[in-house]
Amino acid sequence: MNLRGILLLIFLFQTIINATRPVITLSADELGASIFMIGILTSSFAFLPLIFSIHAGKIIDKFGNRMPIIFGFVVSIAGMIIPTLYSAVWSLFASQLLLGLANICIPIALQNQLGHQSTPKNRDYFFSMFSLCVALGAVIGPLVGGYLSEHISFQVVYVFCIVIGVISIVFSFRIPRAAEKISRPPSKLVDSFKLFENPLVRKALFSSALVLYSKDIFVAYFPLLGKQMHLSTSAIGWIIALQGLATMFVRFILPKLLDAYKRDTVLFMSILVAGIAFLLLPFSHSVYLIALFAIVMGLGLGCGQPISMTTTYNASPPDRTGEVLGLRIATNRFSQLIAPTLFGVIGGSIGMIGIFLFSGVFLVGGSLFFRKQEE
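Computed from a predicted model, the values in this text were never measured in an experiment.

From N to C terminus, the chain includes 14 helices and zero strands. Each helix and strand of the chain, placed in order from N terminus to C terminus, yields the pattern α-α-α-α-α-α-α-α-α-α-α-α-α-α. When each of the 375 residues of the chain is scored for burial, the buried share is 61%. Contacts spanning at least 24 positions in sequence make up 85% of the contacts within the chain whose residues lie at least 6 apart.

This is how it looks when you write it as structure tokens:
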């Protein structure tokens, strides 16, 4: 499969994820779930990836990328069927667990396939394009989910995503089979965590986790904040989509930014700007100002993921690329598991504004790590 095929598959998968996650939050709210329960629901998406990502990476290293991708789309379809048939909080939890399982297989395998097909010279460009399609899914998904849920029903969003999943399975068969199985003694879990000793891997994993948990907090809690601000469901979808569009734009120009500035400088400035936007957004009373801060947030958060993917792959032993990418996913999911629950407690105690203030403080503080590295 060529670069376009890989980009198409990750775009379709991200469309499924981004069309449903805000809808699931709003569905839980309509079903009477508390803010704390919604935090746990959001965290459940990260539970299985936290446990199984490293093991999945090892399987991908040994047996190839095709079957994990197909399995991931099958599981994602199952995750859409359940809330389509059953309108209950438990069905939303089941959906998030299944989507989390799919989110182990598909990103690791596609990133691994992309890394194998790239060279050190074009790898930044390949992973930037990969992240660009992730961001495009973050634009299309909320728009489609917002309009379908507002004008028809939440269940129609799930049916739409089922159709996308079936199309994706068809394209997944174009992923080549593994040329050969890698024969080496299976590594222990402690060997995987020893990879943290590499400073490049540590930096890549920290930036990725910081960015992803922040995006999750925004997607999970901005619909509720927007509802308090009396925004319509479609307006909420548009604002989330604009953030995704900004993320897509910055990833398009990211290779040029990396040519002009040091990686640490780009990471420091981007995370700092995103943190400031988080701090200012809940105090905005104009929909246009809210959209502006969401765009600034997207520009800031959009730099972290492609840089961390390239750095992680480059720092990986040649026969353990899937394992290291799995470690990256596990680290991301740990932050996504802990943060929504923590911020759910904060939101239940002091309200929605507190969630955005604390998240902004974490981002601004986290940016100082890269400032220190630069010096």
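Next up on the list: helix α10 (residues 263-280). Under the 1.5 Å per step criterion, the end-to-end length of α10 is 26 Å for 18 residues, consistent within 8% with the ideal 26 Å. Every buried residue of α10 is listed here: Asp264, Thr265, Val266, Leu267, Phe268, Ser270, Ile271, Ala274, Gly275, Ala277 and Phe278.

Here the focus is empty space enclosed by the protein. Considering all chains together, one arrives at three cavities of 30 Å³ or more under this definition. What lines the largest cavity is a set of 31 residues, and nearest its centre among them are Gln14, Asn18, Val134, Leu212 and Lys215. At the level of secondary structure, the elements contributing two or more residues to the lining of the largest cavity comprise α1 (3-30), α4 (89-117), α5 (123-151), α8 (199-228), α9 (233-260), α12 (304-314) and α13 (321-350). No other element matches the six residues that α5 contributes to the lining of the largest cavity.

Okay, unusual backbone geometry next. If you check the backbone angles, His230 has positive phi at about 65° while not being a glycine. Along the chain, the position of His230 falls in the loop between α8 and α9. His230 sits in the exposed class, given a relative accessible area of 74%.

Right, let's talk about the nonpolar core for a bit. By size, the foremost hydrophobic cluster in this structure holds 90 residues, and its most contacted members are Leu110, Phe130, Phe218, Phe222, Leu281 and Phe356. For this core, the leading source of residues is α1, giving 15 residues. Every residue in contact with Phe218, bar those within four places of it in the chain, is listed here: Pro223, Ile239, Ile240, Gln243, Phe278, Leu281, Ala294, Met297 and Phe356. Counting seven residues, the second largest nonpolar core, distinct from the first, contains Val250, Leu254, Leu258 and Cys303.

Look at α4: 42 Å from first C-alpha to last across 29 residues, which is about the 42 Å you get at 1.5 Å a residue. Of all 29 residues that make up α4, 22 are buried, and the element is covered over most of its length.

Moving on, we get to the side chain of Gln14. Tracing the backbone through its elements, the reader meets Gln14 in helix α1. When neighbours within four sequence positions are excluded, Gln14 is seen to be in contact with Val134 and Gly137.

On to the packing of aromatic side chains, then. As enumerated under the stated definition, the model contains five aromatic pairs in all. Between the aromatic rings of Phe13 and Phe73, the centroid separation amounts to 5.9 Å while the plane-to-plane angle is 85°, which identifies the pairing as edge-to-face. Here Phe13 is found in helix α1, whereas its partner Phe73 is found in helix α3 (residues 66-85), with 60 residues between them in sequence. Pair check on accessibility: Phe13 and Phe73 agree, each one buried. With centroids separated by 5.3 Å and ring planes inclined at 45°, the aromatic side chains of Tyr86 and Trp90 adopt a geometry described as tilted. Accessibility expressed as a relative area gives 44% for Tyr86, which makes it partly exposed. Through a chain of ring-to-ring contacts, the aromatic side chains of Phe218, Phe222, Phe278 and Phe356 assemble into a single cluster.

A cluster of nonpolar side chains, namely Phe47, Ile51, Phe52 and Leu97, defines an oily patch on the protein surface of about 340 Å² accessible area. Among the elements that line the nonpolar patch, the one with the most residues is helix α2 (residues 35-63), at three residues. Tracing the sequence through the fold places Ile51 in helix α2. Judged by its relative accessible area of 44%, Ile51 falls in the partly exposed class.

Right, let's get into the environment of Ser349. Mapped onto the elements of the fold, Ser349 is located in helix α13. Taking relative accessible area as the criterion, Ser349 reaches 59% and is therefore assigned exposed. Residues Ser349 and Phe36, spaced 313 residues apart in sequence, show a C-alpha to C-alpha distance of 9.4 Å.

The pLDDT averaged across the chain works out to 77; a share of 84% of its residues lies at or above 70. Per-residue pLDDT, averaged within each element of the chain, yields its smallest value for helix α7 (residues 189-193) (56) and its largest for helix α11 (residues 287-301) (88).

It is worth spelling out the side chain of Asn18 at this point. Note on placement: Asn18 falls in helix α1. For Asn18, the side chain forms a polar contact with the main-chain oxygen of Gln14, separated by 2.7 Å. Sequence-distant contacts of Asn18, that is, excluding residues within four places in its chain, are made with Gly137, Ala138, Gly141 and Pro142.

To continue, consider the packing of α1 against α3. Taken N-terminus to C-terminus, the directions of α1 and α3 make an angle of 20°; their axes are 12 Å apart at the nearest point. Between α1 and α3, the angle is such that the two are roughly parallel. Along this stretch, α1 crosses α3, giving a crossing that reads as left-handed. For the pair formed by α1 and α3, the contact residues are Leu9, Phe13, Ile16 and Thr20 on the first element and Ile69, Phe73, Ser76 and Met80 on the second. For the contact of α1 with α3, the per-class residue count stands at six nonpolar, two polar and no charged.

Quick notes on the rules
Residues numbered from 1 in each chain as written. Predicted model: local features only at pLDDT ≥ 70, side-chain atom pairs only at ≥ 80, totals over all residues. Heavy atoms only, no water. Helix = DSSP H or I, 4+ residues; strand = E, 2+ residues; numbered from the N terminus. Buried < 20%, exposed > 50% of the residue type's maximum accessible area, 1.4 Å probe, protein only. Contact = heavy atoms within 4.5 Å. Expected span 1.5 Å × (residues − 1). 1 Å grid on protein atoms, 1.4 Å probe; cavity = no way out; pocket = protein on both sides within 12 Å on 5 of 7 lines; lining within 4 Å. Points joined across faces, edges and corners; volume = space filled by probe spheres on them. Core = buried A, V, L, I, M, F, W, Y, C linked by side-chain atoms within 4.5 Å. Phe/Tyr/Trp six-rings, centres within 6.5 Å; stacked < 30°, edge-to-face > 60°. Patch = residues over 30% accessible without salt bridge, like charges linked within 9 Å, V, L, I, M, F, W, Y side chains within 5 Å. Areas by Shrake-Rupley, 256 points an atom, 1.4 Å probe, with all protein chains shown as cover. Salt bridge = Lys/Arg side-chain N within 4 Å of Asp/Glu carboxyl O. pLDDT = per-residue confidence, 0-100. Polar contact = N/O pair within 3.5 Å; in protein donor to acceptor, adjacent residues only side chain to side chain. Axes fitted to C-alpha atoms, helices over the stretch in contact; angles between N-to-C directions. Parallel < 35°, antiparallel > 145°, perpendicular 65-115°, else oblique. Left-handed = near helix turned anticlockwise from the far one by under 90°. Nonpolar A, V, L, I, M, F, W, Y, C, P; charged D, E, K, R; others polar.

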